[in-house]
Amino acid sequence: MNLPDRSRSQPVHISHIRKSFGAFVALKDFSLDIEAGEFVTFLGPSGCGKSTTLKILSGLTPQDAGEIRFGDRRIDMLPANRRNIGLVFQNYALFPHMTVVENIAFGLRMRSWSNTAKAARVDELLALVRLEGLAERRPEQLSGGQQQRVAVARALAFEPDLVLLDEPLSNLDAKLREQVRIDLRDIQRKAGQTTVFVTHDQVEALVMSDRIVLMNAGQIDQVGTPVDLYSTPATEFGARFVGANNLLKATITGIGTDPQAHVQGAGLSIWLATVSPLVTGPEIWCCVRPEHIAIRAPTETGPETGTLGKVTDKIYQGTTVLLDIEIPGVEKMRAERPTSEANRINIGQTVNVLFEQAHAVPRMP
Ligand SMILES: Nc1ncnc2c1ncn2[C@@H]1O[C@H](COP(=O)(O)OP(=O)(O)O)[C@@H](O)[C@H]1O
Ligand SMILES: [Mg+2]
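From a predicted model like this one, the values you see are computed outputs, not experimental measurements.

Basis of the calculations
- Residues numbered from 1 in each chain as written.
- Chains lettered and ligands numbered in written order.
- Predicted model: local features only at pLDDT ≥ 70, side-chain atom pairs only at ≥ 80, totals over all residues.
- Heavy atoms only, no water.
- Salt bridge = Lys/Arg side-chain N within 4 Å of Asp/Glu carboxyl O.
- Buried < 20%, exposed > 50% of the residue type's maximum accessible area, 1.4 Å probe, protein only.
- Helix = DSSP H or I, 4+ residues; strand = E, 2+ residues; numbered from the N terminus.
- Pairing = 2+ DSSP bridges.
- Near = heavy atom within 4 Å.
- Polar contact = N/O pair within 3.5 Å; in protein donor to acceptor, adjacent residues only side chain to side chain.
- Areas by Shrake-Rupley, 256 points an atom, 1.4 Å probe, with all protein chains shown as cover.
- Nonpolar A, V, L, I, M, F, W, Y, C, P; charged D, E, K, R; others polar.

A. Examining the pattern of salt bridges more closely. As enumerated under the stated definition, the model contains 18 salt bridges in all. For the salt bridge of Arg-74 with Asp-76, the shortest nitrogen-to-oxygen distance reads 2.9 Å. You can call Asp-76 buried: its relative accessible area is 10%. Residue Asp-183 is joined to Arg-130 by a salt bridge in which the shortest nitrogen-to-oxygen separation is 3.0 Å. Of this pair, Asp-183 sits in helix α5 (residues 174–191) while Arg-130 sits in the loop between α3 (115–128) and α4 (144–156), placing them 53 residues apart in sequence. We classify Arg-130 as partly exposed; its relative accessible area is 48%. Each of Glu-67, Arg-69, Arg-74 and Asp-76 takes part in a single network of salt bridges with overlapping partners.

See below:
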């Protein structure tokens, strides 16, 4: 297969983009550098400005201020059809009267590729998205996942500098969505085109991305790898939005070697990893992931990180069980333990609760 190599794809530089709709500020000051060939996900709740950013990148909506460059070339002055961007939307928007081949070749016809070049490129893409046997079908003769792969092939066909995908998996049922996630990630890795993917689904973002741009109310909250966002959220918003988390009010009572702080709150007195700005303020949220809460019999004398709690509910999930735990003076906490371990714990039981790992984010006044 003769796919474009990564050296062909472009880095994208977005600087100080602003956008208002009347008095409403949809994007406050959006800046981001994307590496050539990178898969970047814009993640955030509905209405945070993800689609607006994508529309500005693609040229469908003009920004009020700011610049966009592909490498050294400024492209935000160009009309949409001259930006060389591939687009995939939630509803696929395939041409219903055209076959798979005709749909994929559409952009090539518009760009006057020769018949030979067109046929070769379509063959490459059919192989890439694994639809070789279905070339002559029309969209209505394909499953949702297959249609989505045609839409992706169509967006990649003309070797765009940038591919934008806006919630492309939202219309697929849960099982299929899990499969298409992996397919899409593999297709992007092989094709090597710089890609921005939009989703409000944090699992999708964690599974697929090289980097995640977490957005909140028209602003970037945090940029990082999936591991960064999961293990070291920068804000309370990030700690609550990405994955399940227990947040406990605490106060810093000592600073250790960076990034450690001793914190004290209702029922806890522990050292934990902190984000650097924290050393200036005493108020924090102590964040503990459900899988980092260990549960022991109350008779075991644990280290000082332990505290007594009562198990109030058990939710069976197959390989793991969620355990709700009440600790006097603390919000209800949720632990997640392997089923074999949780089987030994009963509702109503008093247990020793230990935080195996914790992380702190600033508490806003
Ligand atoms: N054309 C428009 N006119 C007025 N408000 C808009 C327009 N497009 C988007 N908005 C508003 O801007 C905000 C961000 O929208 P959008 O970027 O579509 O959010 P997301 O894709 O993250 O769900 C929303 O509050 C939305 O209502
Ligand atoms: Mg949207």
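After presenting the structure, the write-up continues.
B. The sheet that holds strand β5 (residues 73–74), seen in detail. What the four strands build is an open sheet, ordered β2-β1-β4-β5; its pairing is antiparallel. Edge positions in the open sheet fall to β2 (24–34) and β5, since each of these has one partner strand only.

C. Spatial organisation of the site of ligand 1. Ligand 1 sits among Phe-21, Phe-24, Ala-26, Pro-45, Ser-46, Gly-47, Cys-48, Gly-49, Lys-50, Ser-51 and Thr-52. At a separation of 2.6 Å, an oxygen atom of ligand 1 approaches a polar backbone atom of Gly-47. Interatomic distance of 2.9 Å between a side-chain N/O atom of Lys-50 and an oxygen atom of ligand 1. Burial of ligand 1 by the surrounding chains reaches 59%, relative to a free accessible area of 560 Å². Counting only elements with at least two residues in the shell around ligand 1, the list comes to β2 and α1 (50–58). Considering every element that reaches the shell around ligand 1, the biggest residue donor is α1, with three residues. Classifying every residue of the shell around ligand 1 by side-chain character gives five nonpolar, five polar and one charged.

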